[in-house]
Each structure stands twice: as structure tokens, then as C-alpha cells.
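Remarks on the overall topology
Here are the chains, one letter per residue:
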Amino acid sequence: MIIDFEKIPEAHLIGFKGGKGALDTRNYVDDKVKIMYSSLRPGASSGLHTHDENCEIIFIVSGEGTFHYDGKVEKARVGEVHYCPKGHSHYMENLTDHDLIYLAIVAEHH
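Quick caveat, the model's predicted, so the values are computed rather than measured. (Residues numbered from 1 in each chain as written. Predicted model: local features only at pLDDT ≥ 70, side-chain atom pairs only at ≥ 80, totals over all residues. Heavy atoms only, no water.)

1. Details of the overall build of the protein chain
Along the backbone of the protein chain there are zero helices and 10 strands. For the protein chain, the N- to C-terminal ordering of α and β elements is β-β-β-β-β-β-β-β-β-β. In terms of overall size, the protein chain behaves like a compact globule, its C-alpha atoms giving a radius of gyration of 13 Å where 110 residues would be expected to give roughly 13 Å. Overall, the C-alpha framework of the protein chain stretches about 35 × 30 × 25 Å when taken along its three principal axes. For the protein chain, the residues scored as buried account for 43% of the 110 residues in total. Accessible area of the protein chain: about 6,100 Å², with a carbon and sulfur share of 55%. Placing the 11 positive and 17 negative side-chain charges of the protein chain at their respective mean positions leaves the two points 1 Å apart. (Helix = DSSP H or I, 4+ residues; strand = E, 2+ residues; numbered from the N terminus. Rg over C-alpha atoms; globule rule 2.2 N^0.38 Å. Buried < 20%, exposed > 50% of the residue type's maximum accessible area, 1.4 Å probe, protein only. Areas by Shrake-Rupley, 256 points an atom, 1.4 Å probe, with all protein chains shown as cover. Lys, Arg positive; Asp, Glu negative; His and termini not counted. Charge placed at Lys NZ, Arg CZ, Asp CG, Glu CD.)

Structure follows, in C-alpha cells:
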């Protein structure tokens, strides 16, 4: 199966999960997974959230993300992956002056 994100309408969100600023995203969702190809704009963040029933994998395509994971601060750059296992909490910020582009996968999405 090929997923062509260019054929998926882009959603323009402000304050994703209680965060701040703009997130543009194209999402593929079925009963087992949510796959998001997204751009977090400079100065924007997602809100803190816990993955109670699933995990999340975030692959950095372009830019640099600052992740707050279980109270620790970590930076992920191009080609690196941030992983938030089931039962853990995180949020991300774009503290740079250019877009953070990433691919996020939430398995067992409900």
C-alpha cells in the first residue's frame, strides 16, 4: 500500500493538543494506525500528553525538534527518531527559525 501525502488534504491547526502556534499536517488514519506528515512552525509546540494506550514514533525529515520526554529535554535532528513508548508522556517544540518537518506514527490508534 502506498500512501501519497500530496493527495491528502492539509489541515492547519493552532494549539495542537493544547500547545501553541501553528501545525500543518496531512494524516492517514485507519483503525490500527495514524500516520502524520507534518510541519511545526517556528516557535510552535504540541501540548504535553501521555500515550496511555499506544506509542508514537517521530522521524525528523527537516529541521530540529526539542522534545520534552518524561521530564527530560532532548533534541532530535534530521534522520533521528524520537520514540515515546506506551505509558510515557511528551511534547515537542520548534525552537528554531525554520519549519520542523516530521513523520509521526501512532500504532494501535483508537
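2. A short note on the sheet that holds strand β5 (residues 56-62)
In space, the six strands of this open sheet follow the order β1-β2-β3-β10-β5-β8, with antiparallel pairing throughout. Every interior strand has two partners, whereas the edge strands, β1 (11-14) and β8 (81-84), have only one. Geometrically, the sheet is characterised by an average inter-axis angle of 25° between neighbouring strands, direction not taken into account. In this sheet, strand β10 (residues 100-107) lies alongside strand β3 (residues 33-40) in antiparallel orientation, the contact comprising eight bridges. From the neighbouring strand, Ile 35 faces β10, where its bridge partner is Ile 105. (Pairing = 2+ DSSP bridges. Axes fitted to C-alpha atoms, helices over the stretch in contact; angles between N-to-C directions.)

3. A short note on the sheet that holds strand β7 (residues 72-77)
With antiparallel pairing, four strands are arranged side by side in an open sheet as β4-β9-β6-β7. Of all strands in the sheet, those with a lone pairing partner are β4 (49-50) and β7, marking the two edges. Of the strand pairs in this sheet, strand β6 (residues 64-69) and β7 are connected by six bridges, and their pairing is antiparallel. Each residue of the ladder has a partner; that of Glu 64, found in β7, is Arg 77.

4. With respect to the layout of surface pockets
By volume, the largest pocket amounts to about 330 Å³. Secondary structure elements with two or more residues in the lining of the largest pocket: β2 (22-29), β3, β4, β5, β9 (89-93) and β10. Residues belonging to the lining of the largest pocket are distributed by class as follows: 10 nonpolar, 11 polar and four charged. (1 Å grid on protein atoms, 1.4 Å probe; cavity = no way out; pocket = protein on both sides within 12 Å on 5 of 7 lines; lining within 4 Å. Points joined across faces, edges and corners; volume = space filled by probe spheres on them. Nonpolar A, V, L, I, M, F, W, Y, C, P; charged D, E, K, R; others polar.)

5. Details of the pattern of salt bridges
Going through the model one piece at a time under the given rule, you end up with five salt bridges. Close ionic contact of Asp 24 with Arg 41 constitutes a salt bridge, the shortest N to O distance being 2.3 Å. One end of the pair, Asp 24, is in strand β2; the other, Arg 41, is in the loop between β3 and β4, and 17 residues separate them in sequence. Residue class for Asp 24 comes out buried when judged on its relative accessible area of 9%. In this structure, a network of salt bridges that share partners links the residues Asp 24, Arg 41 and Asp 99. (Salt bridge = Lys/Arg side-chain N within 4 Å of Asp/Glu carboxyl O.)

What is shown is where atoms sit, not what they do.
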